[in-house]
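Next come the chains, spelled out residue by residue.
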Amino acid sequence: MLDFNHVEIKHRLKNVSGSAQAGQFVHVMGTNGSGKSSLLHSLAGLLSLDKGMVRLNRQDLQHYSLPQLATIRCLQEQQQQSMFALSVAEVLHFFSGQHGLPEELEQALELKDFLPRPLNQLSGGEARRVLVARALLQVWPAIERGQALVLLDEPNQGLDFKHQHLLFQLLAQICQQNNLVIVNHHDLNLCQQYANQIWLMQKGQIVESLRSLDSISNQALSHIFGCGIQCAIDHTGNKIFQTYLD
Ligand SMILES: Nc1ncnc2c1ncn2[C@@H]1O[C@H](COP(=O)(O)OP(=O)(O)OP(=O)(O)O)[C@@H](O)[C@H]1O
């Protein structure tokens, strides 16, 4: 569904190649400045590349018009601020049209209480939930058809534990409907629980592409993240990660 070859952007991405298929839930992880946001923006077709190519459904992203792309791929950016005192209902209505808020979105993001309130008066986590909803609504018809590319840059930033799980469960369900979801974040335990493809980034490159964190040693992870990493095994046999300074 998505492939990218030899992507280069000066000071940001170095000869990055990879691919992902419909139905995958890809988690991109790495230290600050390792290139995660740059990669997501490139995959969204929103950054001009110095070299290389990104293809969606075997077609170069550059050959899509922006309106065409907007119906099948969305990007929730890390920093999105509204200069206008629009209510949450107004912001979401712009993207949902007459369809309203799908039940699955409401169940995961619990937005109804915020609808009358101005977006710029919500707490950080509340606003993040609205921005994730806004991104998903943009491509909701494509999600229902199983043809969407969903790119989310730290969608769990500021969310409480319950809403992080509700959101990642929703995204996993969207993947099961044959969509491709790619998220950046900084939580090894969420990655272990929900990812079925993982790209680990370091200094502008994907240095590991894995199906699960089970297939990489703590030592290799520690090297990539520049931090001590150890894990325990819970009662179901899953790894639980702990980080510490060496
Ligand atoms: N607009 C820009 N122009 C030039 N360099 C940039 C720009 N935006 C980011 N960079 C640089 O590109 C590199 C990768 O940044 P990027 O935002 O992709 O990292 P990241 O992995 O998403 O980091 P974080 O975890 O902090 O969000 C960094 O060195 C950053 O300083």
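Calculation rules
Residues numbered from 1 in each chain as written. Predicted model: local features only at pLDDT ≥ 70, side-chain atom pairs only at ≥ 80, totals over all residues. Helix = DSSP H or I, 4+ residues; strand = E, 2+ residues; numbered from the N terminus. Rg over C-alpha atoms; globule rule 2.2 N^0.38 Å. Expected span 1.5 Å × (residues − 1). Buried ≥ 20, exposed ≤ 12 C-beta atoms within 10 Å, placed from the backbone. Axes fitted to C-alpha atoms, helices over the stretch in contact; angles between N-to-C directions. Parallel < 35°, antiparallel > 145°, perpendicular 65-115°, else oblique. Left-handed = near helix turned anticlockwise from the far one by under 90°. Contact = placed C-beta atoms within 7 Å. Nonpolar A, V, L, I, M, F, W, Y, C, P; charged D, E, K, R; others polar. Core = buried A, V, L, I, M, F, W, Y, C linked by C-beta atoms within 7 Å. Near = placed C-beta within 6 Å. Pairing = 2+ DSSP bridges.

## Topic: the overall build of the protein chain
Right, so step 1: Scanning the protein chain from N- to C-terminus turns up nine helices and twelve strands.
Right, so step 2: The C-alpha atoms of the protein chain give 18 Å as radius of gyration, which agrees with the globular expectation for 246 residues (18 Å, within 12%).
Right, so step 3: On the principal axes, the C-alpha backbone points of the protein chain span a range of 50 × 45 × 35 Å.

## Points about helix 5 (residues 124-138)
Right, so step 1: When the terminal C-alpha atoms of helix 5 are compared, their 21 Å separation across 15 residues agrees well with the 21 Å that a helix rising 1.5 Å per residue should span.
Right, so step 2: Buried residues dominate helix 5, accounting for eleven of its 15 residues.
Right, so step 3: All of the buried residues in helix 5 are Glu 126, Arg 128, Arg 129, Val 130, Leu 131, Val 132, Ala 133, Ala 135, Leu 136, Leu 137 and Gln 138.

## As for the packing of helix 3 (residues 88-96) against helix 5
Right, so step 1: Following both chains from N to C, one finds helix 3 and helix 5 inclined at 20°, their axes separated by 8 Å at the closest point. In terms of their interaxial angle, helix 3 and helix 5 are classed as roughly parallel. Here helix 3 runs over helix 5; the crossing is right-handed. Residues Val 88, Val 91, Leu 92, Phe 95 and Ser 96 of helix 3 lie in contact with helix 5, whose contacting residues are Val 130, Ala 133, Arg 134, Leu 137 and Gln 138.
Right, so step 2: Of the residues that constitute the contact of helix 3 with helix 5, the class distribution is seven nonpolar, two polar and one charged.

## Brief notes about the nonpolar core
Right, so step 1: With 63 residues, the main nonpolar core has Leu 43, Leu 136, Val 150, Leu 151, Val 181 and Ile 182 as its most contacted residues.
Right, so step 2: Here this core gets seven residues from one element, more than from any other, and that element is helix 5.
Right, so step 3: With residues near it in sequence (within four places) discarded, Leu 43 still touches Leu 2, Phe 4, Val 54, Leu 151 and Ile 182.

## Section: the site of the ligand
Right, so step 1: Taken together, His 11, Arg 12, Gly 30, Asn 32, Gly 33, Ser 34, Gly 35, Lys 36, Ser 37 and Ser 38 make up the full set of residues adjacent to the ligand.
Right, so step 2: Of the residues forming the shell around the ligand, the biggest block, three residues, is contributed by helix 1 (residues 36-43).
Right, so step 3: Considering only residue class, the shell around the ligand consists of no nonpolar, eight polar and two charged.

## Concerning the pairing of strand 4 (residues 51-56)
Right, so step 1: In this structure, strand 1 (residues 2-9) lies alongside strand 4, joined through five bridges in antiparallel fashion. The residue of strand 4 that forms the bridge with Leu 2 is Leu 56.
Right, so step 2: Bridging between strand 4 and strand 5 (residues 59-60) involves two bridges; their strand directions are antiparallel. Along strand 5, the bridge assignment pairs Leu 56 with Gln 59.
Right, so step 3: Adjacent in sequence and paired antiparallel, strand 4 and strand 5 are bridged by two residues, among which Asn 57 carries a positive phi angle near 50°.

## Side note on the environment of Arg 211
Right, so step 1: Here Arg 211 shows up in the loop between strand 10 (205-210) and helix 9 (218-225).
Right, so step 2: Judged by C-beta crowding, with 11 C-beta atoms within 10 Å, Arg 211 ranks as exposed.
Right, so step 3: Counting along the chain gives 15 residues from Arg 211 to Asn 196, while the straight-line C-alpha distance between them is 5.3 Å.
Right, so step 4: Residues within four places of Arg 211 in sequence aside, it is in contact with Asn 196 and Gln 197.

## A few points about unusual backbone geometry
Right, so step 1: Backbone geometry places Arg 58, a non-glycine residue, at a positive phi of 65°.
Right, so step 2: Tracing the backbone through its elements, the reader meets Arg 58 in the loop between strand 4 and strand 5.

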